[in-house]
Amino acid sequence: MSSIWERNSLLRQKCSLAKYRHVSTNVTFYHWKNLNYCKVPKCGSTFWMQVFLTLEKIKSVEDVFGSGRNKYHTIAMNKTSTWDHVSSNDVIFHVTRNPYSRLYSVYIDKIYLPGFWKFTKKINERNGRECSTSVRFGEFLDYIMKEEVYDPHWQPVSELCGSCRVPYNVISKQETFNNDVRFILNQLSIQGPLKQELLKNLQKKHTENSIKEITPLMIGRAKQDPCLTFMQFCQRLWKSFQIQGYISDLIFFPANSFRNLNYSNFSAILNNYLKGSQKIVMTEVMKKLQRKKHLSRAYEGINRKTIKTLKRKYRTDFELYGYSYELPKVQ
């Protein structure tokens, strides 16, 4: 993987070419002292919102990590500034992600799981199916490519953050997220114990915290979704934790453990997912390999026309950030 300095150099080099000089409007930054961050959904944005809430002393580390995710984004929305007020001596950064991986992550989080259920219903109606039918990944890609449906969750990062317009000096990547977080935190004037506590929650407690944060958020969404039954939801959430590498693919969904529950039994539901993650403790290597396997399988059935459109739509992200156009595959 390239270093931060190599990424910065590549970005400046590419942005000097006329074809990359996009004019992006309304680029918004989260700001704390000398830290300025352009938020990109599905690129570690929840963690950085948690960091900002902690740095602003709105919440303690204990309160921020391991509880429902939605509130972090809502509260932190009030802590923004436009890039025009940013000093050249500040840390100015955003996080990128391989477009293939980011789009699949959006699909799992917002379409496969109950997120944009009205959007899901619309895709199913277009294909003449009941709303309870699981929208396939290829159908999601076809829809957002053909209909030109714009949303920050799948908007190209280069457009969202104005990568060739704003003087970024740190380009982080989802693929090297932990190392990049450590680098960025080292540039800030924060006390050692707080820094270590943030890094501990990023690394050692990541699986546990993520399951604790995601489960209540998804239960809240599922209650509003008229298309999913309780058991369908529980099975999909289990599968999503496997796709993210939190639960091993070798652990089957324990249907009997969910059969007598409902949405009001939050503690029991959460405990089932935590137990699943503890049966086989996934190392970072195991997680990475399992995530790659699921990503590779997801793109196997996508038609060439859709892939061609995807490459064209996200061309700037592929090229500015040094991502390969080659489809994901397990080595």
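This is a predicted model, so every value here is computed, not measured.

Novice: Explain the state of the cysteines here, please?
Specialist: Disulfide: a covalent bond formed between the sulfur atoms of two cysteine residues. The full count for this structure, using the stated rule, is 2 disulfides. The residue that forms a disulfide with C15 is C164, at a sulfur-sulfur distance of 2.0 Å. One disulfide, between C15 and C164, carries an S-S torsion of -80° and so falls in the left-handed class. Here C164 lies in the loop between helix 8 (157-160) and strand 5 (170-173) and C15 lies in helix 1 (residues 4-15), a separation of 149 residues in the sequence. For C164, a relative accessible area of 24% gives the class partly exposed. Across the disulfide from C38 sits C161; the S-S distance is 2.0 Å. One quick way to see it: the torsion about the S-S bond of C38 and C161 is about -90°, and its sign makes the bridge left-handed. In this pair, C38 is assigned in strand 2 (residues 35-38) and C161 in the loop between helix 8 and strand 5, connecting sequence segments 123 residues apart. Judged by relative accessible area, which is 0%, C161 ranks as buried. With no disulfide of its own, C43 lies 8.6 Å from the sulfur of C161, the closest cysteine sulfur.

Novice: Before we go on, may I ask you to explain the environment of Y273 in this structure?
Specialist: By the secondary structure assignment, Y273 is in helix 14 (residues 266-279). For the pair formed by Y273 and E208, sequence separation is 65 residues and the distance between their alpha carbons is 9.5 Å. Other than its neighbours up to four places away in sequence, Y273 contacts I211, T215, C234, L237, W238, F241, I247 and F258. A distance of 2.9 Å separates a polar side-chain atom of Y273 from the backbone oxygen of C234.

Conventions used here
Residues numbered from 1 in each chain as written. Predicted model: local features only at pLDDT ≥ 70, side-chain atom pairs only at ≥ 80, totals over all residues. Heavy atoms only, no water. Disulfide = S-S within 2.5 Å. Helix = DSSP H or I, 4+ residues; strand = E, 2+ residues; numbered from the N terminus. Buried < 20%, exposed > 50% of the residue type's maximum accessible area, 1.4 Å probe, protein only. Contact = heavy atoms within 4.5 Å. Polar contact = N/O pair within 3.5 Å; in protein donor to acceptor, adjacent residues only side chain to side chain.

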